[in-house]
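Coordinates in review
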Amino acid sequence: MVGVAGVCFLAYSAVSLSRQENLQSTGYDLGTFDQAVRSYAGGHWPYSALKGSAHYNLLGEHFSPILVLLVPFYLLVPSADTLLLAQAALLAVAVVPLARWAQRELGLEAAVVVALGYGASWGVASAVGFGFHEVCFAVPLIAFSLVALAEQRWQPALLWALPLVLVKEDLGATVAVIGLLAVWKGQRLLGLAVVVFGAWASVAEVLVLIPLAGHGSGHAYWAELAAGPGRRAQVGLSHQLLAIPYHLFFPHAKLETLCALLAPTAFLALRSPLALVAVPTLLWRFESANHAYWGTGYHYSVVLMPVMVVAFVDALAAGRRRGWSERAVRTALAVSLTVTGCMFARHSLSVLLEPATWRVSAQAGAARALAARIPDGATVAADSNLAPQLTDRTTVYLFAPVRARRCPRRSTSSPARPSRLPPTAATSPARWPTATGRSPGTTAMSCSKRIRPARGTAPPSGDRRAGRSAARRPQLTVTTAELLRGFGSNGTGPNSATAPVAPLITLSIRSTNGKLSCSPAVTTYEGW
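The rules behind the values
Residues numbered from 1 in each chain as written. Predicted model: local features only at pLDDT ≥ 70, side-chain atom pairs only at ≥ 80, totals over all residues. Heavy atoms only, no water. Helix = DSSP H or I, 4+ residues; strand = E, 2+ residues; numbered from the N terminus. Buried < 20%, exposed > 50% of the residue type's maximum accessible area, 1.4 Å probe, protein only. Contact = heavy atoms within 4.5 Å. Areas by Shrake-Rupley, 256 points an atom, 1.4 Å probe, with all protein chains shown as cover. Core = buried A, V, L, I, M, F, W, Y, C linked by side-chain atoms within 4.5 Å. Polar contact = N/O pair within 3.5 Å; in protein donor to acceptor, adjacent residues only side chain to side chain. Arc of directions from axis to C-beta. Axes fitted to C-alpha atoms, helices over the stretch in contact; angles between N-to-C directions. Parallel < 35°, antiparallel > 145°, perpendicular 65-115°, else oblique. Left-handed = near helix turned anticlockwise from the far one by under 90°. Salt bridge = Lys/Arg side-chain N within 4 Å of Asp/Glu carboxyl O. Expected span 1.5 Å × (residues − 1). pLDDT = per-residue confidence, 0-100. Nonpolar A, V, L, I, M, F, W, Y, C, P; charged D, E, K, R; others polar.

In terms of helices and strands, the protein chain carries 21 helices and 5 strands. The burial tally for the protein chain puts 51% of its 528 residues in the buried class. Long-range contacts, defined as pairs at least 24 residues apart, comprise 69% of the intrachain contacts of the protein chain with a sequence gap of at least 6. A total of about 24,700 Å² of accessible surface is found on the protein chain, and carbon and sulfur atoms cover 62% of it.

Our next topic: the nonpolar core. Tyr12, Leu91, Tyr118, Phe132 and Leu149 are the most contacted members of the largest nonpolar core, which has 102 residues in total. Of the residues forming this core, the biggest block, 10 residues, is contributed by helix 16 (residues 305-321). Leaving out residues up to four positions away in the same chain, Leu91 has contacts with Tyr12, Tyr118, Val124, Val128, Cys136, Val139 and Val302. Counting 15 residues, the second-largest nonpolar core is a separate cluster that includes Leu23, Val380, Ala382 and Leu390.

This brings us to the side chain of Ser18. In this fold, Ser18 is placed in helix 1 (residues 2-21). Ser18 gets classed as buried once you look at its relative accessible area, which sits at 12%. Reaching out from Ser18, the side chain makes a polar contact with the backbone oxygen of Thr357 at a distance of 2.7 Å.

Glancing now at helix 9 (residues 154-161). For helix 9, every residue scored as buried is listed here: Trp154, Ala157, Leu158 and Ala161. The arc that holds the buried residues of helix 9, viewed along the axis, is 90°, so those residues lie on one side. Facing away from the buried side of helix 9 by over 90 degrees, the exposed positions are Gln155 and Leu159.

This next bit is on the packing of helix 10 (residues 171-184) against helix 11 (residues 188-213). With their axes 7 Å apart at the nearest point, helix 10 and helix 11 run at an angle of 165° to one another. What the angle tells us is that helix 10 and helix 11 run roughly antiparallel. Of the two elements, helix 10 crosses helix 11, and the hand of that crossing is left-handed. Facing helix 10, whose interface residues are Leu171, Gly172, Ala173, Val175, Ala176, Gly179, Leu180, Ala182 and Val183, helix 11 presents Arg188, Gly191, Leu192, Val194, Val195, Gly198, Ala199 and Ser202.

Below, the discussion takes up the pattern of salt bridges. In this structure the tally under the stated criterion is 8 salt bridges. Residues Arg104 and Glu151 are paired through a salt bridge, measuring 2.5 Å at the closest nitrogen-oxygen approach. Linking Arg104 in helix 5 (residues 95-106) with Glu151 in the loop between helix 8 (138-150) and helix 9, this pair joins segments that are 47 residues apart in sequence. On the accessibility criterion, Glu151 (27% relative accessible area) is partly exposed.

Our next topic: helix 10. Over its 14 residues, helix 10 runs 20 Å from end to end, which matches the ideal 20 Å to within 8%, given 1.5 Å per residue. Burial in helix 10 covers these residues: Leu171, Gly172, Thr174, Val175, Ala176, Val177, Ile178, Gly179, Leu181 and Ala182. Taken together, the buried residues of helix 10 touch helix 8, helix 9, helix 11 and helix 15 (279-286). One or two positions beyond helix 10, positive phi appears at Gly186, with a value near 110°.

Attention shifts here to the side chain of Gln20. By the secondary structure assignment, Gln20 is in helix 1. Exposure remark for Gln20: the relative accessible area of 3% places this residue in the buried category. Within the structure, the side chain of Gln20 is placed 2.3 Å from the side chain of Ser25, a separation counted as a polar contact. If we skip the residues at most four places from it in the chain, Gln20 touches Ser25, Leu30, Ala80, Asp81, Leu84, Arg368, Pro388 and Gln389.

What follows concerns the confidence of the model for the protein chain. Within the protein chain, residue pLDDT values average 75, and 69% of them lie at 70 or more. Low pLDDT, under 50, characterises residues 227-234; the stretch is placed with 15 contacts to residues that sit more than four places away or in other chains. Segment residues 401-528: pLDDT under 50, and 234 contacts once partners within four positions in sequence are set aside and those in other chains are kept.

Note on placement: Leu283 falls in helix 15. On the basis of relative accessible area, Leu283 is assigned to the partly exposed category, the value being 37%.

The contact between helix 1 and helix 5 brings their axes to 9 Å, and the two run at 145°. Handedness of the crossing formed by helix 1 with helix 5: right-handed. Along its contact with helix 1, which presents Val2, Val4, Ala5 and Cys8, the element helix 5 presents Val95, Val96 and Arg100. Across the contact of helix 1 with helix 5, the residue classes break down as 6 nonpolar, no polar and 1 charged.

In this model, Tyr28 is joined to Asp29 through a cis peptide bond whose omega is 20°. The phi dihedral of Gln152 is positive, around 60°, even though this residue is not glycine. Along the chain, Gln152 turns up in the loop between helix 8 and helix 9. Of the residues examined, Gln152 reaches a relative accessible area of 48% and is grouped as partly exposed.

Shown next, in the form of structure tokens:
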């Protein structure tokens, strides 16, 4: 089974690194975690400038000090690729305890199905296809813990579960449920201690540690949970409590997520008490007002994959002990493998079968070549898809596009998310083109308005008439890397209004008559 884990590691690494090479990874969240680990490696708190401030502490958003374990590897290879490879390894390691336990309980055939079912599961694929996230540490911990719990090895089971409280603040509730299962199986004293520890850890992290790291700003995600989907502030507490069962299953995206979780197990996971470990994660996701938590996208379901696999194997093992025929067990395994195969074509691991995955596009290559010309240590405001290319050697802020379809007549600096952009960028002259506020990957700009050059500068080419003509030409951006603005770090930081002079680095990639052209420019502004 170590060989299967190795194949999974190679597959996850190939998908992650291919997306990074082709500028498909984003500042949220690969860039932010790269900044955090880089900050840890420098002996500081996990600061992330992409969140809007050079001193934004990620512990004030999610309590994930376990990221410090990546520092030794990051010191050897200081790159966002290090995080992607670490995530691939952590996700692949979980195959080993799951498949070995299935082999001990059900035989080699079941072990192969379990290895493929977990390794090619949609939850793991969603995490691999969406950059890096701290929850990858939780996946092997949950797998080892639940396998030991199913085999009634109580101390290893609970010891594997305890570090979950260092991965994310909500996982303390998961630890508590694992403790409750130990109590139910007869380990009262040890199980109750783990229940108390898990519950106390989550409460302390949400109410004390996170607000403390966030300078008393509170836990933003707790506010989303308290609001609830579709609720109003004036609705009473009793009404909200009565509405909880409804919000657990509707809108329909939640039901789709539940079906996607249970279908690969032929819905047999419901027969195992180990499936209860998934309840805390599903509760906070479905009770949140954030729509992104409800569906099968992103990385939020990856911690549920080992839970469903362990519950599936436990249900089959219990059924065999109760007299299930070998044919019934094989039928369940066949259904699981079929469903996994059908879902494989819909998630990000399927890109391994596409030729484009194994080459770097011309646009991505041009953007990376120009980004490489930015000096180390510079302070840059970058497009989200360019941020992970720069976070390992520069201080990167998120360049927020202007949400406008038409070019304004006069200067109107109104970024969509101004809090994520240095104040110096928000006040920069509007003679430079701006991108429309479309989703990443579809950024486009077509503007025939005259773009006035800076006073005292020479025309772009030829005489002044030629310069005016060139300034009126439409410009079409064909990649998300439309602008890349750099701000000098003079000791006061980019968020300081006292910075008198800062270089502006503009990177644009445009298409003219079907030909790709790249044009960097550097200028200087004074008097912010």
